[in-house]
Amino acid sequence: MTIKRQKNRIFVFLIITFYKMSEYLNNFESISNSNKSAITEGLNPEQKSAVEIINGPILVLAGAGSGKTRVLTNRIAYLIENNINPSNILALTFTNKAANEMKERIARLVHYKLARNIWAGTFHSVFARILRLEASKIGYESNFSIYDQDDSTSVVKNLMKDANYGSAKLQPANVRGVISSCKNKMISWQEFERSATNSIERQIAEIFREYENTLVRNNAMDFDDLLLNFISLLGKSKDILKEYQDKFKYILVDEYQDTNKAQYIAIQMLAKAHQNICVVGDDAQSIYRWRGAEIQNILDFQKDYPYSKIVRLEQNYRSTKVILAAAHAVISNNSRQIPKKLWTDNPKGDLIEVLACSDDREEARKVAEIIQRMYNSGLNLKDFAILYRTNAQSLSLETSLRALNLPYIIVGGVSFYKRKEIKDVLAYIRILINPKDAESLLRIVNEPPRGLGQTSINHIKEFSKDYNKTLFDVFDNADKVVHLQNRSAQSAKAFASFIRKYSQMLKEMPPVDVISEYINATGILEMYRQINTEDSLDRWSNINQLLFDIKQYFTNNPDLSIEDYIQQISLVADIDEKDLNGNAITLMTLHSAKGLEYPNVFITGLEKGLFPLSRIDTTKEEEEEERRLFYVGITRSKERLFLSYALRRAKFGDVQTAVPSPFLREIPDELTKYWGKPTSGFIENSYQQKTTYPQKTFAKPQPKPAIKESYNQIPDTEQNYSQIQPVVNEYAVGDVVYHNSFGKGRIVALSGSGQARKATITFNSVGQKQLILHFAKLKKM
DNA sequence: TAAAAAATCGTTTTT
DNA sequence: CGATTTTTTA
């Protein structure tokens with residue numbers, strides 16, 4: 001019986017395979033130009049099996065630097081080579097950048113026309129794309145808005161104001177956090193309400209309920225909804241589920257250790273029918289627990305898929321032996337983990353250098369000076385990364401890099417798209433697309449002032465609630481709203497018809513022709529120009545920059561709609577938009593650094609309380625996550641690793657004292673060397689054994705043999721620093737430059753630094769303008 | 001209603 | 001300290 005069934009199965013399998021082959025030959029033969037041997041060539045045996053076992057569930061435990069990306073891309077290429085239709089492949093990554101890179105690399109292995117058909121992106125962007133198509137099936141319109149964290153917080157804040165909730169204990173941002181973490185764990189407001197034990201929780205439950213209602217009413221989804229609504233779409237009917245199961249016959253998930261419950265369920269539903277699921281991850285690199293990631297997902301994979309195969313990638317191709325040994329020593333202090341040990345054939349490498357500093361300014365100065373010396377000895381600035389635990393730490397580092405004229409880019413911090421004026425303009429555009437989006441409407445209704453202050457808005461909001469009309473409808477019929485001053489009513493009506501006019505235009509004309517005129521007509525640019533302060537002119541030029549950006553977008557993608565543009569920028573992470581290959585040092589948080597690698601890495605701020613970051617009620621789980629984060633940081637480094645701490649650090653204006661991080665103690669002594677003299681106040685017992693300091697002051701580093709001479713050529717004096725050549729990419733007053741839309745111009749002033757560096761330029765065509773160099777893409781002439 | 005003055009708060013980490 | 005939010009005043 002069993003044998004017979006098995007024979008049948010094999011027979012069916014053969015038929016399907018044969019069918020797929022002929023389908024493949026018919027469709028793709030003509031454009032397939034790849035070379036099969038190239039795909040598995042040069043892979044080690046484990047990598048090879050991770051690429052070649054294409055059917056059935058497979059867990060790839062990929063240690064840091066073990067060639068994970070290569071396995072993922074080659075696996076997809078291999079699937080395509082084996083007659084799998086690219087449009088049946090779903091690859092979910094952590095950032096859009098990772099997805100795009102993957103696609104590019106696949107395009108080099110198989111024909112680009114095949115590569116572009118795979119479904120690759122973040123969970124959020126792929127699901128959003130599908131939800132646009134299927135919106136009507138779950139009670140949404142396809143033009144739904146996507147709310148980011150700020151938008152969500154603002155919704156919560158308004159709801160709390162309406163309900164008169166709120167106290168020191170109950171703040172909008174916290175409530176939003178509670179709601180989001182419930183949604184991450186797939187807990188509905190009803191469940192939350194049922195489990196509420198005190199009045200605070202009952203209040204949150206009420207806000208939660210209203211929050212969900214508001215978003216549906218606004219035809220809007222937050223980030224969590226993109227996952228949850230996708231799941232509910234799949235749950236709608238057997239047919240829909242089957243459709244997507246058959247669509248995504250081959251599923252790959254990167255960074256599986258950082259998936260949350262909703263992502264886990266979504267994958268499980270999709271993979272259930274065909275079971276061709278390959279997840280790649282490393283439990284030691286799970287760093288998003290605070291965002292709902294469940295490390296258990298990767299630990300339980302074998303339970304969830306009993307017939308799964310496991311491949312361990314334990315050979316590290318990235319780092320030196322010293323770095324790997326340090327990483328291993330650190331992570332060994334964690335309790336629960338899948339046992340594995342990374343090894344490498346790479347050389348031993350330099351010792352890890354620990355920089356003891358008396359305060360954060362000294363720390364920043366040392367880091368900058370070391371980089372400058374290494375740069376002058378011939379290294380490339382793009383080969384340096386400075387990592388920190390919190391974004392706030394970038395400030396002193398920036399100052400010292402600027403002082404030495406070293407160009408840098410910052411990933412994260414206040415992103416361009418999070419600036420008030422940019423969010424305002426985007427809200428103006430969103431309301432054209434989705435008139436139900438009350439959040440966007442309220443944001444811009446009195447920006448610039450239109451005589452519609454808080455009182456008028458409250459009346460309008462009340463009316464919309466009482467008569468169950470959308471805010472936009474009420475604006476349109478403002479003369480019917482009682483208590484509303486006639487003047488305000490006229491103003492509201494005028495605003496509604498203004499929006500309607502451009503909304504109509506957008507349906508008839510290409511977006512690029514409408515948007516610029518529309519934003520000009522809103523008066524927001526004129527407002528900032530009139531205020532005429534440094535700050536307001538900044539905002540003015542930021543908006544112009546955005547408009548230029550939009551223009552570029554549609555020049556490059558003439559077939560796309562304004563909806564596509566908004567969706568695209570709603571889901572971009574900072575890391576996605578940054579070009580990290582320029583001649584600049586990269587500054588970012590340890591979280592942003594995940595998945596990246598650099599020859600030279602600095603991890604700064606290794607102080608107790610800062611890294612590991614701790615609060616009064618830090619749990620053991622949180623502590624271990626900090627340690628994993630440190631592990632991630634260490635393993636970013638290919639050759640040289642610098643760890644620094646400061647005994648005093650400026651915080652909120654005043655200065656706080658600190659003690660070196662306990663993490664430093666976890667690295668064996670023989671792997672490190674200390675730099676600089678022991679600073680007064682540096683008294684922790686465990687460090688005193690290590691006090692073999694090379695020089696009395698901030699001494700020269702022990703250079704790598706190859707670059708020894710160049711080190712010695714540059715004496716360690718203040719004077720020499722000022723003689724160093726200005727950095728390339730840097731502009732000077734008087735330079736003649738070319739701008740894509742404004743043409744030729746001359747720089748008359750420069751201000752700011754880093755990505756905020758701005759130039760005032762007099763253009764022949766349009767006169768004087770302020771531009772952010774980072775965005776302006778100027779050419780020097 | 002809008003501008004000016006005063007007060008408040010914060011720093012994790014991000015799709 | 002500095003940006004944002006709330007309160008006061010015209």
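Rules used throughout
Residues numbered from 1 in each chain as written. Chains lettered and ligands numbered in written order. Predicted model: local features only at pLDDT ≥ 70, side-chain atom pairs only at ≥ 80, totals over all residues. Heavy atoms only, no water. Helix = DSSP H or I, 4+ residues; strand = E, 2+ residues; numbered from the N terminus. Buried < 20%, exposed > 50% of the residue type's maximum accessible area, 1.4 Å probe, protein only. Contact = heavy atoms within 4.5 Å. Areas by Shrake-Rupley, 256 points an atom, 1.4 Å probe, with all protein chains shown as cover. Polar contact = N/O pair within 3.5 Å; in protein donor to acceptor, adjacent residues only side chain to side chain. Pairing = 2+ DSSP bridges. Axes fitted to C-alpha atoms, helices over the stretch in contact; angles between N-to-C directions. Expected span 1.5 Å × (residues − 1). Parallel < 35°, antiparallel > 145°, perpendicular 65-115°, else oblique. Left-handed = near helix turned anticlockwise from the far one by under 90°. Nonpolar A, V, L, I, M, F, W, Y, C, P; charged D, E, K, R; others polar. Phe/Tyr/Trp six-rings, centres within 6.5 Å; stacked < 30°, edge-to-face > 60°. Lys NZ or Arg CZ within 6 Å of the ring centre and 35° of its normal. Core = buried A, V, L, I, M, F, W, Y, C linked by side-chain atoms within 4.5 Å. Arc of directions from axis to C-beta. pLDDT = per-residue confidence, 0-100.

(A) Here's a closer look at the overall build of chain A. The secondary structure content of chain A amounts to 35 helices and 23 strands. Evaluated residue by residue, chain A yields a buried proportion of 52% over its 781 residues. When contacts within chain A are restricted to residue pairs at least 6 apart in sequence, those whose partners lie at least 24 apart make up 73%. Surface accessibility of chain A: about 36400 Å² in total, with carbon and sulfur atoms responsible for 50%.

(B) Main features of the side chain of S319. Summarising the element assignment, S319 is placed in the loop between β9 (315-316) and α17 (321-331). Residue classification places S319 among the buried positions, given a relative accessible area of 1%. A distance of 2.8 Å separates a polar side-chain atom of S319 from the backbone oxygen of S637. For S319, the residues in contact, after removing those within four places along its chain, are L324, T344, N346, T635, S637 and K638.

(C) Here's a closer look at the sheet that holds strand β1 (residues 58-62). Pairing is parallel across the open sheet formed by six strands, whose spatial order is β3-β2-β6-β7-β1-β8. Strands with a single pairing partner mark the edges of an open sheet, and in this sheet they are β3 (119-122) and β8 (309-313). Across the sheet, the mean angle from the axis of one strand to that of its neighbour is 15 degrees, orientation sign disregarded. Inspection of the sheet shows β1 paired to strand β7 (residues 277-281) by four bridges, in the parallel sense. Its bridge partner lying in β7, L61 is registered against G281. Across the face of the sheet, helix α5 (residues 96-109) comes into contact with β2 (89-93) and β3 while running at roughly 155 degrees to β3.

(D) Geometry of helix α18 (residues 360-376). For α18, which comprises 17 residues, the first-to-last C-alpha distance of 24 Å matches the rise-based estimate of 24 Å (1.5 Å per residue) to within 8%. The N-capping residue of α18, defined by a side-chain oxygen 3.1 Å from the backbone nitrogen of R361, is D359. Looking one or two places after α18, you find G378, whose phi comes out positive at around 110 degrees.

(E) Structural view of the packing of α18 against helix α19 (residues 394-403). One can describe the packing of α18 onto α19 by two numbers: an axis separation of 8 Å at closest approach and a directional angle of 45 degrees. It follows that α18 is oblique to α19 by the angle criterion. Once α18 is placed against α19, the crossing between them reads as right-handed. Across the interface between the two elements, D360, A364, R365, V367 and A368 from α18 touch S396, L397, S400 and L401 from α19. The residue makeup of the contact of α18 with α19, split by class, is five nonpolar, two polar and two charged.

(F) Up close: the side chain of S644. Here S644 lies in strand β16 (residues 637-651). Given a relative accessible area of 2%, S644 falls into the buried group. Apart from the residues within four sequence positions on either side, S644 is in contact with L355, E363, I603, T604, G605 and L606.

(G) Summary view of the packing of aromatic side chains. Within the structure shown, the criterion is met by 26 aromatic pairs. Cluster of aromatic residues (ring-pair linked, three or more members): W119, F123, F127, F230, Y244 and F248. The ring of W119 carries R129 above its face, with NZ or CZ at 3.9 Å from the centroid.

(H) Seen up close, the nonpolar core. Ranked by internal contacts, the top residues of the largest apolar core, which has 54 residues, are I429, F475, F495, Y518, I519, L546 and Y565. Those residues in contact with Y518, other than ones at most four positions away along the chain, are Y428, I429, I431, L432, F498, I499 and Y502. Residues L92, L233, L270 and I298 belong to the second largest nonpolar core, which totals 44 residues.

(I) Layout of helix α25 (residues 511-522). An ideal rise of 1.5 Å per residue puts 16 Å on twelve residues; α25 measures up with 16 Å between its terminal C-alpha atoms. The set of residues buried in α25 consists of P511, V514, I515, Y518, I519 and T522. Around the axis of α25, the buried residues are gathered within 115 degrees of arc, so they sit on the same side. Considering only its buried residues, α25 is in contact with α20 (420-433), α24 (486-508), α26 (524-531), α27 (534-556) and α28 (562-570). Immediately downstream of α25, the backbone of G523 shows phi near 85 degrees, a positive value.

(J) Focus on unusual backbone geometry. For the bond from E447 to P448, the omega torsion is 5 degrees, close enough to zero to count as cis. Within the element layout of this structure, P448 appears in the loop between α21 (438-444) and α22 (454-466). Residue F611 is joined to P612 through a cis peptide bond whose omega torsion reads 10 degrees. Within the element layout of this structure, P612 appears in the loop between β15 (598-603) and α30 (620-634). Unlike most non-glycine residues, N219 shows phi in positive territory, near 55 degrees. Locating N219 in the fold gives a position in the loop between α11 (199-217) and β5 (220-222). Notably, N405 is not glycine yet its phi reads approximately 65 degrees, a positive angle. Within the fold, N405 resides in the loop between α19 and β13 (408-410).

(K) Representation of the confidence of the model for chain A. In this model, chain A carries an average pLDDT of 81, and 80% of its residues clear a pLDDT of 70 or more. Low pLDDT, under 50, characterises residues 1-34; the predicted model gives this stretch 20 contacts beyond four residues in sequence or across chains.

(L) Structural context of the packing of helix α4 (residues 68-81) against α5. Interaxial distance between α4 and α5 falls to 9 Å at its minimum, and their mutual angle equals 50 degrees. Taken together, the axes of α4 and α5 are oblique relative to one another. α4 and α5 meet at a crossing whose hand is right-handed. Judged by residue contacts, T69, R70, L72, T73, N74, I76, A77 and I80 of α4 engage M102, R105, I106 and L109 from α5. Of the residues belonging to the contact of α4 with α5, the class tally is seven nonpolar, three polar and two charged.

(M) Region of interest: the environment of Y375. For Y375, the position within the fold is in helix α18. Y375 sits 31 residues away from L406 along the chain, and the two C-alpha atoms are 9.4 Å apart. If near-sequence neighbours (up to four positions away) are discounted, Y375 is found in contact with L381, L406 and N583.

(N) Examining the pairing of strand β17 (residues 654-657) more closely. By the bridge criterion, four bridges tie β16 to β17 in an arrangement that is antiparallel. Opposite A650, over in β17, you have V655 as the bridge partner. Taking the residues that link successive antiparallel strands as the turn, the β16-β17 hairpin has two residues, and the phi of F652 there is positive, at about 55 degrees.

(O) Highlighting the environment of G121. Mapped onto the secondary structure, G121 falls in strand β3. Given a relative accessible area of 2%, G121 falls into the buried group. In this view, G121 contacts A91, L92, T93, N96, A99 and V126; residues no more than four positions away in its chain are not counted.

(P) View of the environment of K303. For K303, the location among the structural elements is in helix α16 (residues 301-304). Separated by 231 residues in sequence, K303 and E534 place their C-alpha atoms 60 Å apart.

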